[in-house]
Amino acid sequence: MNDKKDSLTPTFLEFEEKQDLEQSVFWLNMYLNGFQEAKKPYRIDYNTLLMSYHLWKGDDLDEFCFDQANSYFLFNPEYDSRAAREALFLEIREFLAGC
């Protein structure tokens, strides 16, 4: 029996050392659950995000979310971290999965 999944959800935290991973998971939790919108290291324009997703020619939601998170922090490197990228990825994915 093959228990492997065909496609795994990408993650920005995959290659972290154990000590760094624990700190990143802490910050990921803070970004997702602890901070108000104004305190997060990213801003999401949901109208633009939804329009971009509908105009996108791909078919994989995870790929779109991963690319959006990478692109955001390429233009905003002062707030970049693996935990911030992961939080942005998860928030985008959660929003678009509900649409």
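Given the structure is predicted, the values throughout are model-derived calculations rather than measurements.

S.K.: I would appreciate a short explanation of the overall build of the protein in the present structure.
M.R.: When helices and strands are counted, the protein shows four helices and zero strands. Residue burial in the protein is summarised as follows: out of 99 residues, 29% are buried. Considering only residue pairs separated by 6 or more positions, the protein has 70% of its internal contacts joining residues 24 or more positions apart. Approximately 7400 Å² of the protein is accessible, and the part contributed by carbon and sulfur atoms is 51%.

S.K.: I keep staring at helix H3 (residues 61-75) and nothing clicks. Help me out?
M.R.: Quick reminder: α-helices carry 3.6 residues per turn. Residues three or four places apart thus point the same way. With 15 residues, H3 should cover 21 Å at 1.5 Å per step; its first-to-last C-alpha distance of 22 Å lies within 8% of that length. Turning to H3, its buried residues number three or more, namely Leu61, Asp62, Phe64, Cys65, Ala69, Asn70 and Phe73. The secondary structure elements touched by the buried residues of H3 are helix H2 (46-55) and helix H4 (82-97).

S.K.: Help me out: how do you make sense of the packing of aromatic side chains in this one?
M.R.: Tallied over the entire structure, the rule returns ten aromatic pairs. Ring centres of Tyr53 and Trp56 lie 6.4 Å apart, and the angle between their planes is 25 degrees; on these two criteria the pair is classed as stacked. Classification of Tyr53 as partly exposed rests on a relative accessible area of 25%. When the ring of Trp56 is compared with that of Phe64, the centres are 5.3 Å apart and the planes differ by 50 degrees; the resulting orientation is tilted. On the basis of relative accessible area, Phe64 is assigned to the buried category, the value being 2%. Clustering of aromatic rings is evident, with ring pairs tying together Phe26, Trp27, Tyr31 and Phe35.

S.K.: Would you mind showing me how to read the packing of helix H1 (residues 18-34) against H4 here?
M.R.: The description of two helices packed together rests on the angle between their axes and the distance between the axes. Between H1 and H4, the shortest axis-to-axis distance is 8 Å and the interhelical angle comes to 45 degrees. Between H1 and H4, the angle falls in the class oblique. Along this stretch, H1 crosses H4, giving a crossing that reads as right-handed. Here Ser24, Trp27, Leu28, Tyr31 and Leu32 of H1 come into contact with H4, specifically with Ala83, Ala84, Glu86, Ala87, Leu90 and Glu91. Class assignment of the residues belonging to the contact of H1 with H4 gives a composition of eight nonpolar, one polar and two charged.

S.K.: For this particular structure, what's the right way to read the pattern of salt bridges?
M.R.: A pair can form between side chains of opposite charge whenever their charged atoms are brought close. Summed over the entire model, instances satisfying the criterion amount to four salt bridges. As a salt-bridge pair, Arg93 and Asp62 come within 2.3 Å of each other at their nearest N and O atoms. Of this pair, Arg93 sits in helix H4 while Asp62 sits in helix H3, and the two are 31 residues apart along the sequence. Residue Asp80 is joined to Arg85 by a salt bridge in which the shortest nitrogen-to-oxygen separation is 2.8 Å. Given a relative accessible area of 33%, Asp80 falls into the partly exposed group. By relative accessible area, which is 17% here, Arg85 ends up buried.

Procedures and definitions
- Residues numbered from 1 in each chain as written.
- Predicted model: local features only at pLDDT ≥ 70, side-chain atom pairs only at ≥ 80, totals over all residues.
- Heavy atoms only, no water.
- Helix = DSSP H or I, 4+ residues; strand = E, 2+ residues; numbered from the N terminus.
- Buried < 20%, exposed > 50% of the residue type's maximum accessible area, 1.4 Å probe, protein only.
- Contact = heavy atoms within 4.5 Å.
- Areas by Shrake-Rupley, 256 points an atom, 1.4 Å probe, with all protein chains shown as cover.
- Expected span 1.5 Å × (residues − 1).
- Phe/Tyr/Trp six-rings, centres within 6.5 Å; stacked < 30°, edge-to-face > 60°.
- Axes fitted to C-alpha atoms, helices over the stretch in contact; angles between N-to-C directions.
- Parallel < 35°, antiparallel > 145°, perpendicular 65-115°, else oblique.
- Left-handed = near helix turned anticlockwise from the far one by under 90°.
- Nonpolar A, V, L, I, M, F, W, Y, C, P; charged D, E, K, R; others polar.
- Salt bridge = Lys/Arg side-chain N within 4 Å of Asp/Glu carboxyl O.

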